Amino acid sequence: MNKHINKVAVIGSGIMGSGIACHFANIGVEVLLLDIVPRELNEKEKAKGLGLEDKAVRNRLVNDSLAAALKSKPSPIYHSKFAKRIKTGNLEDDIAKVSEVDWIIEVVVERLDIKKIVFENIEKHRTPGTLITSNTSGIPIKFMSEGRSDDFQKHFCGTHFFNPARYLKLFEIIPGPKTSPEVLDFLNGYGEQYLGKTSVVAKDTPAFIGNRIGIFSIQSLFHAVKDLGLTIEEVDKLTGPVIGRPKSATFRTVDVVGLDTLVHVANGIAENCPEDERLELFKLPGFIKTMVENKWLGSKTGQGFYKKVKKEDGSSEILSLDLDTLDYRSKKRAQFAALELTKNVDRVIDRFKILVNAEDKAGAFYRKSFAALFAYVSHRIPEITDELYKIDDAMKAGFGWEHGPFQIWDAIGVEAGLSIMKAEGSEPATWVTDMLAAGIESFYSVKDGTTHFYDIPKKAMGKIPGQDAFIILDNIRKSNEVFKNSGVVIEDLGDGILNLEFQSKMNTIGGDVLAGLNKAIDLAEKDFQGLVVGNQAANFSVGANIGMIFMMAVEQEYDELNMAIKMFQDTVMRMRYSSIPTVSAPHGMTLGGGCEISLHADKVVAAAETYMGLVEFGVGVIPGGGGSKEMTLRASDTFRKNDVELNVLQEYFLAIGMAKVSTSGYEAFDLGLLQKGKDIIVVNKDRQIATAKAHAKLMAEAGYTKPVKRKDVKVLGKQALGMFLVGTDSMEAGHYISEHDKKIANKLAYVMAGGDLSEASYVSEDYLLDLEREAFLSLCTERKTLERIQHMLKTGKPLRN
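Let me sum up the structure you'll find in this document. (Residues numbered from 1 in each chain as written. Predicted model: local features only at pLDDT ≥ 70, side-chain atom pairs only at ≥ 80, totals over all residues. Heavy atoms only, no water.)

### Concerning the packing of aromatic side chains
Inspection of the entire model under this criterion finds 34 aromatic pairs. Measuring from ring centre to ring centre gives 5.3 Å for F24 and W103, while their planes differ by 85°; the resulting arrangement is edge-to-face. Taken together, the residues span a long stretch of sequence, with F24 in helix α1 (residues 15-26) and W103 in strand β4 (residues 103-106) at a distance of 79 residues. Where F119 meets F152, the ring centres are 5.8 Å apart and the plane angle is 75°; that geometry is what we call edge-to-face. On the criterion of sequence distance, the pair formed by F119 in helix α5 (residues 112-123) and F152 in helix α7 (residues 150-154) is long-range, its members being 33 residues apart. By relative accessible area, which is 0% here, F119 ends up buried. For F152, a relative accessible area of 0% gives the class buried. Ring pairs connect the aromatic residues F352, F365, Y366, F370, F374, F406, W409, W431, F443 and Y454, which therefore count as one cluster. Positioned above the aromatic ring of W401, the side-chain terminus of R245 is 3.5 Å from the ring centre. (Phe/Tyr/Trp six-rings, centres within 6.5 Å; stacked < 30°, edge-to-face > 60°. Helix = DSSP H or I, 4+ residues; strand = E, 2+ residues; numbered from the N terminus. Buried < 20%, exposed > 50% of the residue type's maximum accessible area, 1.4 Å probe, protein only. Lys NZ or Arg CZ within 6 Å of the ring centre and 35° of its normal.)

And the structure:
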């Protein structure tokens, strides 16, 4: 199906509709967002003398909804200017405009009768061949298209986005009885390539895949928590990051989503799945019913499983709900021996076997919950899908799980999982034992760098489709390893391109990482054509190893510290001035030293969700790995296009001085951290390494030549330094910054002004690097800097002193 999506119409502007509209705007699509016309004036409209016929009134609902969405945190939009791609209107005056769009997405209230009325109205204006989909979270697709034309039904299906649409990757596609296979294939590809989603084609069953399994998992915990004598804090401790789930874990997640939303979906499953073997678990336990009656629904009503209160001294406290008494009490710290056993196990996938074998209350919890989950997902095939990997994909993309149920089962061992299930009184589907009887011992395997899964109908392993556009580093790390130390792995990506992958904790940058990066450049210059610096962890890098800096500074090993900083500077400059093209692939948190590495690559292929910034001020220093130099250079390059040189330099100075972090890859262009015309954004992070490789290869084939070192960086000397010093004096006098903040800012000012030169001059990068390193080292001798670093190491939060 050769179709191009240039314009979409979104019908319904609630939280979900506005979020979907914003995400299409994020990827460059023009959006028409429509909603109903108000039937009465509000007080503001009456005061202005407006009538029901005025456009401002008729579009009030849609405009207010979109405005609220754009103000929400986290933002649904990559960049504020992208909101201009969204035009608003109403379903009476503007419905005819749907004839101009390529795709119509219905996102109105979850009532079949209302949806059918909307579709009847849309069909009067829809151009034949236009895609028409519903964002329903559970209403059967087959009922919605009844009575519509053949062309409508051929182009109609469910497209279920998860909220928030920008951040959650799951995109469920649910065919109707007459949906064209070409439409399904198109949407599957479009969701992945353009929307950056994990596309999952699901069967038309209640709650589809993600919510069917996700709600079961939560309901199962609701029923087990009191039996096991666990508090809500303990359950959240056990179901959070320790097993690769979001920090909000279980009960905090329910508070955020809304207990009423969860209850609505659970009730829908209970009413529409009478043959479900675990039907009793979808019935609400007594404490949930009481919470719903009391309207303790979570964040939307001010209290749920947790409640934030003000204490007498004015400070805030978060209370927890006691499930036995249903009274709120102070939070209790949750501690388990089982979790202590996994403290030094960095890879989440390696923790599951330890946790299910633990002998404490946590071990009992994991055995009970995983036994129930494994049995349930095995019985959902072929009901909700024929392929087991789709269940894992849905849970990872829709609920933020690092690993899906079948991947966890594999990690524990399929046989071991069956033993746990038997002990807990759970029975798997017969296909699992049939698989083992046939000599296949796992649900997944890796072959030639691609992931294969157990294909149940074929009773054999098969390749998961759609992997050709991806490079999965987990699949090639062992087979394609070229070099490894404690900080990095260097892999051969093929076609003459190497990849350097950080392997340190949180991908922090220390001596081993820098040695590995130098080694990668050595190898690439000798036997390869290009180098990618990228990984597929949660974050690219949180920055330099500040613990190492702290120890050197405390021990007053200033010569060693100077050498360490010089090594960092030399390494990033080697990235800039090597004989092969270097491409950085940042994503997630790309802070401090991680940002500095990206700043010095020949090209950056950033994920849309890249949170990038030079944040060293938070620990009492300036960027010392080439960042201060590079921002001065980039300001200088901008001077040529702008006569107000001091203003330009000030913007780059403030990006560092205020420790600004982009909220997306697109915002990083505004901060000068990415460069227009050179660096690019990839919406689907799964494609990032393959895209970076392609660009490195293209640059090499185009005849890459080692750049000439820059000696033409324009610095403004005393003119700029004076402006900065006056500014920091004023900020301190106004109590906006501390005395130590002022000292750090003045050191940065000295570097970015090029020192106290009497007039504007042209200097080399090496000159600026020397100034940068001298300023960094001098700040490391300050007691207050050491206090900041120590506080950051202890709490993970910056200290202002």
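### Observations regarding the sheet that holds strand β23 (residues 680-682)
The mixed open sheet is built from seven strands, whose spatial order is β15-β16-β17-β18-β19-β21-β23. At either end of the open sheet lies a strand with only one pairing partner, and these are β15 (481-484) and β23. Taking each pair of neighbouring strands and ignoring which way they run, the sheet shows an average axis angle of 20°. Two strands pair when backbone bridges link them, and strand β21 (residues 603-607) and β23 are joined in this way by three bridges, in the parallel orientation. Bridge assignment links A607 to a residue of β23, and that residue is V682. (Pairing = 2+ DSSP bridges. Axes fitted to C-alpha atoms, helices over the stretch in contact; angles between N-to-C directions.)

### Focus: helix α30 (residues 718-733)
Helix length check: α30 (16 residues) gives 22 Å between terminal C-alpha atoms against 22 Å at 1.5 Å per residue, within 8%. Residues of α30 that are buried: A720, L721, F724 and T728. End-on view of α30: buried residues confined to an arc of 95°, all on one side of the axis. Those residues of α30 that are exposed and angled more than 90 degrees off the buried face are Q719, V726 and A733. Buried positions along α30 lie against α27 (645-657) and α31 (739-752). Just beyond α30, the residue with positive phi is H735, at close to 60°. (Expected span 1.5 Å × (residues − 1). Arc of directions from axis to C-beta. Contact = heavy atoms within 4.5 Å.)

### Details of the environment of K124
The residue K124 is located in the loop between α5 and β5 (131-134) in this model. As a C-alpha pair, K124 and G466 span 342 residues in sequence and 37 Å in three-dimensional space.

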